Amino acid sequence: MSRTRTGSNSRVGSTATDEEILAHARVHARSVADEIGVDLDGLEWDVSPRAKRRAGACRWNATDETATIVLSRRAYERYDRADFEAIVRHELIHAWEYQTFGESDHGSRFRERAEAFDVPIRCESFTEPRYRLRCRREACDWSLARHRASKPVKTPERYRCGECGADLTVEHADSGRTWTTSAGYGGARSALGDDW
Ligand SMILES: [Zn+2]
Ligand SMILES: [Zn+2]
């Protein structure tokens, strides 16, 4: 059984500079741009230090046909790597729509691409994370928010604290229910039913 430190996948974004945030976004964008069809040369990037509600936005200047993707610093600080990159893909799909059709929304064309690139439709809005991973060691206050039922949420016994390497507890934010194994995850899930 391989055990992975979740810390390798966590953000240390509170100390990241705008340049680091944009570098991360650009590297990810390059890896998916061809598939999405977006033209990165016609794209500009910015970081918003203040955005409270939106994790990202894509602005379109029809005059010079330039799309600008604005990413919020808060998203980078709060989201893990996978969720942050999903936001980048979400905005790249908007940029592709603007470049190709001169308009963009969350309609069926967008949703089709979003599904193909594993992008939540609403990923621009901040929502409280559904799950939180916590270290089981009392003295360690490491935790990590998860917006989706990712592998550490479903099989916490296969992962370890990103800080000290101890075992993990997963908490379901709405109900406060916790579990430490995949069996516990299944139990919590069926106990909560519609409240999941
Ligand atoms: Zn959007
Ligand atoms: Zn720990």
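Residues numbered from 1 in each chain as written. Chains lettered and ligands numbered in written order. Predicted model: local features only at pLDDT ≥ 70, side-chain atom pairs only at ≥ 80, totals over all residues. Heavy atoms only, no water.

Student: Lay out the sheet that holds strand β5 (residues 131-135) in plain terms, naming residues and giving numbers.
Tutor: Overall, antiparallel pairing links the 4 strands, which are arranged β6-β5-β8-β9 in an open sheet. Looking along the sheet, the strands with just one partner apiece sit at the ends: β6 (143-146) and β9 (178-179). Bridge analysis of β5 against strand β8 (residues 168-172) gives 5 bridges, and the strand direction is antiparallel. Paired with arginine 134 across the two strands is threonine 169, which belongs to β8. (Pairing = 2+ DSSP bridges. Helix = DSSP H or I, 4+ residues; strand = E, 2+ residues; numbered from the N terminus.)

Student: A description of the pairing of strand β3 (residues 56-61) should follow, citing residues and the corresponding values.
Tutor: Of the strand pairs in this sheet, β3 and strand β4 (residues 66-72) are connected by 6 bridges, and their pairing is antiparallel. If you follow alanine 57 over to β4, its bridge partner there is valine 70.

Student: Mind laying out the packing of aromatic side chains, listing which residues take part and the relevant values?
Tutor: Within this structure, the stated rule accounts for 5 aromatic pairs. Ring centres of tryptophan 96 and phenylalanine 101 lie 5.5 Å apart, and the angle between their planes is 90°; on these two criteria the pair is classed as edge-to-face. Between tyrosine 131 and tryptophan 179 the ring centres are 6.4 Å apart and the planes differ by 80°, which places this aromatic pair in the edge-to-face class. Residue tyrosine 131 is found in strand β5, and its partner tryptophan 179 is found in strand β9; the two are separated by 48 residues along the sequence. (Phe/Tyr/Trp six-rings, centres within 6.5 Å; stacked < 30°, edge-to-face > 60°.)

Student: How would you explain unusual backbone geometry if you had to name every residue and give the values?
Tutor: Within the chain, glutamate 65 stands out as a residue other than glycine whose phi angle is a positive 50°. As for its placement among the helices and strands, glutamate 65 is situated in the loop between β3 and β4. Looking at glutamate 65, the relative accessible area reads 57%, which means it is exposed. Of note in this structure, aspartate 118 is not a glycine but carries a positive phi near 55°. If you trace the backbone, aspartate 118 turns up in the loop between α4 (108-116) and β5. (Buried < 20%, exposed > 50% of the residue type's maximum accessible area, 1.4 Å probe, protein only.)

Student: Tell me what's going on with the confidence of the model for the chain, and back it up with residues and numbers.
Tutor: Across the chain, the average pLDDT comes to 86, with 88% of residues at or above 70. Here residues 7-13 is modelled with pLDDT under 50, and outside its nearest four sequence neighbours on either side it reaches 15 contacts, counting other chains as well. (pLDDT = per-residue confidence, 0-100. Contact = heavy atoms within 4.5 Å.)

Student: Describe helix α1 (residues 18-36), naming the residues involved and giving the relevant values.
Tutor: Of all the bends in α1, the greatest measures close to 40° and is centred on arginine 30. Buried within α1 are the following residues: Ile21, Leu22, His24, Ala25, His28, Ala29, Val32, Ala33 and Ile36. Looking at the buried positions of α1, the neighbouring elements they touch are β2 (43-48), β4, α2 (73-78), α3 (81-101) and α4. In the stretch just after α1, glycine 37 is the one whose phi turns positive, near 95°. (Bend = angle between axes of the 7 residues up to and from the residue.)

Student: Could you give an account of the environment of serine 175, with specific residues and numbers?
Tutor: In this fold, serine 175 is placed in the loop between β8 and β9. Residues serine 175 and arginine 130 lie 45 residues apart in sequence; the distance between their C-alpha atoms is 9.7 Å. One polar contact links serine 175 to histidine 172, side chain to side chain, over a distance of 2.7 Å. At 3.2 Å, the side chain of serine 175 forms a polar contact with the backbone nitrogen of arginine 177. (Polar contact = N/O pair within 3.5 Å; in protein donor to acceptor, adjacent residues only side chain to side chain.)

Student: Could you give an account of the coordination of the zinc ion (ligand 2), with specific residues and numbers?
Tutor: In the first shell of the zinc ion (ligand 2), the protein supplies Cys135 (SG), Cys140 (SG), Cys161 (SG) and Cys164 (SG), at 2.3 to 2.4 Å from the metal. Taken together, the 4 donor atoms coordinating the zinc ion (ligand 2) span angles of 105 to 121° at the metal, a pattern that classifies the geometry as tetrahedral. Of note, the donors binding the zinc ion (ligand 2) are all from one chain and are spaced C-x4-C-x20-C-x2-C. Of this pair, cysteine 135 sits in strand β5 while cysteine 161 is found in the loop between β7 (159-160) and β8, placing the two residues 26 residues apart along the sequence. Assessed through its relative accessible area of 10%, cysteine 135 is described here as buried. A relative accessible area of 0% means that cysteine 161 is categorised as buried. (Donors = N, O, S within 2.8 Å, 3.2 Å for Na, K, Ca; no water. Tetrahedral: all angles 85-135°; square planar, octahedral: opposite > 155°, others 65-115°.)

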